[in-house]
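Examining the three-dimensional arrangement
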Amino acid sequence: MTRKPWLLSTALLLLMAPAFAQQNTQAVHTASIRTAVPKALIKGKVQTSAGAPLAGVSIMLKQSKAGTITDKDGSFSIEAEPGETILVNAIGYEGKALAAQAGTELLIKLVNAYSEMSEIVMVGSRGNARVKTESPVPVDVIQLNSISQNTGRPDLTSQLNISVPSFNYNKQSGADGADAIDFASLRGLGFDHTLVLVNGKRRHLSAFVNQGGTRGRGNSGTDLNAIPEAAIERVEILRDGASAQYGSDAIAGVINIILKKDIKHLNVVTGGSAFYDPKYNSLNAADPSQFYTGKWLDGQTGQLGVSYGLPLGKKNGFINFSGNFYAHGKTFRALPDTNLTTNAKALPVNSWRRAFGDGSVESGGGMVNAELPLTGSTTFYFFGGYNYKRSNVYAWTRNFSSAAARFPTDDQGNLVFVPGIMRTTSDGETFFNPQENVDINDASFAMGFRGAFKKGLLQGYNWDLSNVTGRNDFHFFGHKTFNASLPQPLQTTKNDFDDGGFNFLQNTANLDLNRFYNTVAQGLTVSMGAEFRYEQYKLYAGEPDSYRFGGAYYVSGGDTINKRSGSQGYPGYQPGDEANAHRTTVGGYINLALDLTSKWLLDGAARFENYSDFGFVNTYKLASRYKVADGFNIRGSVSTGFRAPSLQQINFSNTNTTIVNLPGLGPTLRYTKLSPNNSVITQAAGIPKLKQEESVNTSLGFTLKPARNFTLTLDGYLVKVKNRVVITGNFDESIPALAPFLTAYNVSAVNFFSNAVSTTNKGVDVVADYTKKWGGKSLKFLLAGNLQSIKINKINIPSALNDTYAHQQNFYSTREQAFLMASAPKSKVSFSLEYNPGKFTLGSRVTYFGKLTTKGFGYASLPGAAPGGPGGAGISDQGQGWDPYVMTDDGKSVVPEDFIFNGKATTDIYGTYHISKNLKWFVGVDNLFNVHPNISVTPGASRSSWGDSESGGPFDAVQMGFNGLRLFTKLALSL
């Protein structure tokens, strides 16, 4: 296995040797016949009209037909006779012809010839950039100011969610750390199947890994919102497997964030937004004392973004500074009618989620991006930044009537009421919701040099040597909560706890080479490179009071009741959870992009990587594009992928509260331990060591441009992933080998990371874009859609747990399978229309989120089903999500406990007014008609299913969100 990468690379290089020889021979021959003609070296840069560099631009001498292309910096150099005509052409831009001038560096600016759909993209090939409709793989280009200013959504992740149909994101509620960070994925795959780049360089992952109560449980991801919006020029999204080109994590695709480069432009954007939901705001509840309440306008958000650039050096260098700050308030949602005496169809008070809604967030950070041309063709560059985020969220509710051991009490179990934390309802219940503060610190810095070899073996090759370091720290704090087991008065007076946390460090060094050969067929781009990556993951314990049992108890009815240990809401990490792990990865790749003819492009890549903990792996990709006619291209690809389990997945461990809906008791809190993969507990349960995920990705589609202002693309895809890493179900004392560990850790159950499932994701992406301009006016139309499905091909149950149906379900239950398949709706379609008559702009956007289904815990068995089997007693009635069934409201039958979220559309409207040349005012409404997802109950069995959903609240965490109508206004200043 270790020989294959080197054999493949050698074979590819040998195949290219004749091409190299042909190019070098022609170069020598050309030089020999032209030495008598005096020539001068002409240098220059090609930019857009806005000053952004243009790569891949054709530079050709009209008389001699000699030519070259611009590099990634837009720079070029070519030998020409003084006065000879230079032709400059780029697809999507108006060409130029100018006379060669020796001794002066030319600055050439090209004007966009038609719509933005002809933008040049950097991702999709490791060589020179291409116009995105000419790319052999689908790439979306999102100009950030075109989406960020016409919506009240305050962060990059939520903005991309309405702009890119295959982009998947669910805002969480009641899911601990997942409430504080917003991961996203592509094409319904895992968060860790999408690689994020910044300026083409690998971005580090978050230290956080999703647990129970979330979508994508068992996955980590990249926090896109840690990058200030003000720093971003555009976002490129490669919707295709690219592991062979970019490395591990690129199974679903690549998101490349391009930072601003402009100078002497001050850009300031400030604004605010708020939700107005008169129906489900908890102030509208039949009895507001049963819930936490805020204001009628809640989720109030204020934001400020600033960017400014300065010239650097004397050769068109720059340094751009940017910063963002935003604050987002809480929202509270509840059903309006819980009065069972006046409405037979009403649902009971949601006593387990009295503070359902979004948490609050404060976030601020800055970014710098700079380039400094040095001598010759060499350029020094660097970029990086820091972001801080603090979130405050409410955990699930503690009610004294059912959980006295979680409250401060005296020795007889009498409540010690703590004002400011506890509340009392109109019917006498005392409750509190623990609060969780999460502090996230994120920092990164990249630097490098790039240039071109002017002589030697690598003459003509562009090179790029870089190093990127990134670190993410995720720290939990308990706030306004208790460790009820501490001795008095501490169990009453100590209300803040350091719960510990974790951090992740990644350092990536790269050397990349590429060269364009215009003498091989219609052009060949050779790209190759090497990478060394170091990763470190640390988990650190909280203070002892955040997790310890302090010895407190009370006596009730003659029984001694031990108080519950640890900080309520989120018990602290214990010394036994601590981890300090690291690994290294060495890799190399080669990418050949050959224009066989003027119509046919063939792009192939191969990559090898050696992980210090998983060994060697090879990945491959072949992509092609054929121009059937002017404006009509067919494209397709096939690739293999690989993802090693992250250090987070291998080493994470904690004890947490989970909610189980028990017959006769309703939603019940219990402690569950997530055991790391290398633990003796994991081995005792028979869970094997984690291994790598492997994938095969195929796609086929076309691009159509029948007119200069209309583009249509359609791409189908099929992605098969083997051995996906997920979190198993909860195992209790029914596994005899686990019983002593459960007692030792004072938990009711334990779960694990495992390569549990193999899946197939398939779907179709379609994008249609039309822009009409006339007399200073414009009309823009955009239709973008994704149709998809997810199938579980196999569940990899370890032999030790494959003895009974109960253990099979316990390993990966029907409920867990449903959540995996609900990673993305079956369809997502966005339609946008924007009219600009000059002084102002009017726009609307309708986004349709398709149907998805999840499942509850279940506590009824199917009549006639065999006990211990599917639907039978001991399975479906255990409140574990094993083939879950519930009793219908009329008590006459049982039905599958399905939560069905039907397809629904939200409508956004916005307007822009140009107050002056430099100042714009934006105003609008997101979700104009206050549309909400379906209530999280099973049709026909609402009473028995109420509270069984993943969030435990009236709504689940689906892509369309649940907060309702949002009002917003913004001002944008550009000087």
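Procedures and definitions
Residues numbered from 1 in each chain as written. Predicted model: local features only at pLDDT ≥ 70, side-chain atom pairs only at ≥ 80, totals over all residues. Heavy atoms only, no water. Helix = DSSP H or I, 4+ residues; strand = E, 2+ residues; numbered from the N terminus. Rg over C-alpha atoms; globule rule 2.2 N^0.38 Å. Buried < 20%, exposed > 50% of the residue type's maximum accessible area, 1.4 Å probe, protein only. Contact = heavy atoms within 4.5 Å. Areas by Shrake-Rupley, 256 points an atom, 1.4 Å probe, with all protein chains shown as cover. Lys, Arg positive; Asp, Glu negative; His and termini not counted. Charge placed at Lys NZ, Arg CZ, Asp CG, Glu CD. Domains from an automatic or database assignment. Buried area = accessible area lost by both parts, 1.4 Å probe. Salt bridge = Lys/Arg side-chain N within 4 Å of Asp/Glu carboxyl O. Polar contact = N/O pair within 3.5 Å; in protein donor to acceptor, adjacent residues only side chain to side chain. Core = buried A, V, L, I, M, F, W, Y, C linked by side-chain atoms within 4.5 Å. Pairing = 2+ DSSP bridges. Axes fitted to C-alpha atoms, helices over the stretch in contact; angles between N-to-C directions. pLDDT = per-residue confidence, 0-100. Phe/Tyr/Trp six-rings, centres within 6.5 Å; stacked < 30°, edge-to-face > 60°. Lys NZ or Arg CZ within 6 Å of the ring centre and 35° of its normal.

Counting its regular elements, the protein chain contains 11 helices and 49 strands. For 975 residues, the compact-globule estimate of 2.2 N^0.38 gives 30 Å, and the protein chain sits close to it at 30 Å. For the C-alpha atoms alone, the extent of the protein chain along its principal axes is close to 110 × 65 × 55 Å. Each of the 975 residues in the protein chain was classed as buried or not, and the buried ones make up 59%. Taking the contacts inside the protein chain whose residues are at least 6 apart along the sequence as the reference set, 71% of them involve residues at least 24 apart. Total accessible area on the protein chain stands at roughly 36200 Å², and carbon and sulfur atoms take up 59% of it. Separation between the mean location of the 91 positive side-chain charges and that of the 76 negative ones in the protein chain comes to 8 Å.

Turning our attention to the environment of F831. Among the secondary structure elements, F831 is positioned in strand β41 (residues 827-836). Residues F831 and V767, spaced 64 residues apart in sequence, show a C-alpha to C-alpha distance of 9.9 Å. Among residues more than four places away in sequence, those in contact with F831 are F781, L782, L783, S844, R845 and V846.

Think of interface size as the accessible area that goes away when the parts come together; that is how it is often given. With domains assigned, the protein chain is organised as domain 1 (40-113) and domain 2 (139-857 + 897-974). Here the C-alpha centre of domain 2 lies 43 Å away from the C-alpha centre of domain 1. Every contact between the two is made by 11 residues of domain 1 and, on the other side, 14 residues of domain 2. A combined buried area of about 930 Å² lies between domain 1 and domain 2, and 41% of that area is made up of carbon and sulfur atoms. On the domain 1 side of the interface with domain 2, the three residues burying the most area are K45, K72 and D73, jointly 34% of the side's total. In this structure, the connection of domain 1 to domain 2 is made through 0 salt bridges. Between the two partners, domain 1 and domain 2, sit 0 residue pairs in polar contact (both at pLDDT 80 or more).

In this section: the nonpolar core. Of all hydrophobic cores here, the largest spans 35 residues; its most connected members are F208, F474, F476, F502, F652 and F753. Mapped by element, the contributors of at least two residues to this core are β25 (435-452), β26 (462-479), β27 (496-517), β28 (524-541), β31 (579-595), α6 (647-651) and β38 (710-727). Not counting the four nearest positions on each side in its chain, F474 is found in contact with G177, A180, I181, S206, F208, V438, D439, I440, G500, G501, F502 and Y540. Core analysis: the second largest hydrophobic core is formed by 31 residues, L160, V164, A184 and V196 among them.

Let us now look at the sheet that holds strand β22 (residues 398-399). Ordered in space as β22-β24-β23, the 3 strands form an open sheet in which the pairing is antiparallel. What marks the edges here is a single partner per strand, and that holds for β22 and β23 (423-424).

Let us look at the pairing of strand β42 (residues 840-849). Where burial is concerned, the two faces of β42 differ: the one with T841, G843, R845, T847 and F849 is buried and the one with F840, L842, S844, V846 and Y848 is not. Joining the antiparallel neighbours β41 and β42 is a turn of 3 residues, in which G838 adopts a positive phi near 135°. The pairing of β42 with strand β47 (residues 904-914) spans 10 bridges and is classified as antiparallel. Pairing of L842 across the sheet is with G911, part of β47.

With antiparallel pairing, the 4 strands of this open sheet are ordered in space as β3-β2-β5-β6. Of all the strands in the sheet, the pair left with one neighbour each is β3 (67-69) and β6 (96-99). When strand polarity is set aside, the average angle formed by the axes of neighbouring strands in this sheet is 20°. The sheet contact formed by strand β2 (residues 58-61) and β3 spans 3 bridges and is antiparallel. The residue bridging S58 from the neighbouring strand is I69, located in β3.

All right, on to the confidence of the model for the protein chain then. Chain-level statistics for the protein chain give a pLDDT mean of 88 and a share of 91% at 70 or above. Long-range and interchain partners of residues 1-37, a stretch whose pLDDT sits below 50, account for 33 contacts in this model, where long-range means more than four residues apart. The model gives residues 114-118 a pLDDT under 50, and that stretch makes 18 contacts with residues more than four places away or in other chains.

With that settled, the discussion passes to the packing of aromatic side chains. According to the stated counting rule, one finds 36 aromatic pairs in the structure shown. When the ring of F502 is compared with that of F652, the centres are 5.6 Å apart and the planes differ by 85°; the resulting orientation is edge-to-face. Highlighted residues: F502 in strand β27 and F652 in the loop between α6 and β35 (654-662), separated in sequence by 150 residues. Here the two residues F502 and F652 agree in accessibility, since each one is buried. With 5.3 Å between their ring centres and 50° between their planes, Y611 and F642 make a pair best called tilted. Taken together, the residues Y611 in strand β32 (residues 600-611) and F642 in strand β34 (residues 632-643) connect sequence positions 31 residues apart. Assigned by exposure class, Y611 and F642 land together as buried. Positioned above the aromatic ring of F857, the side-chain terminus of R815 is 4.1 Å from the ring centre.

What follows deals with helix α10 (residues 814-821). Of all 8 residues in α10, 7 are buried; the element is thus mostly enclosed. Among the structural elements, β38, β39 (749-774), β40 (777-795), α9 (805-811) and β43 (852-855) are those in contact with the buried residues of α10.

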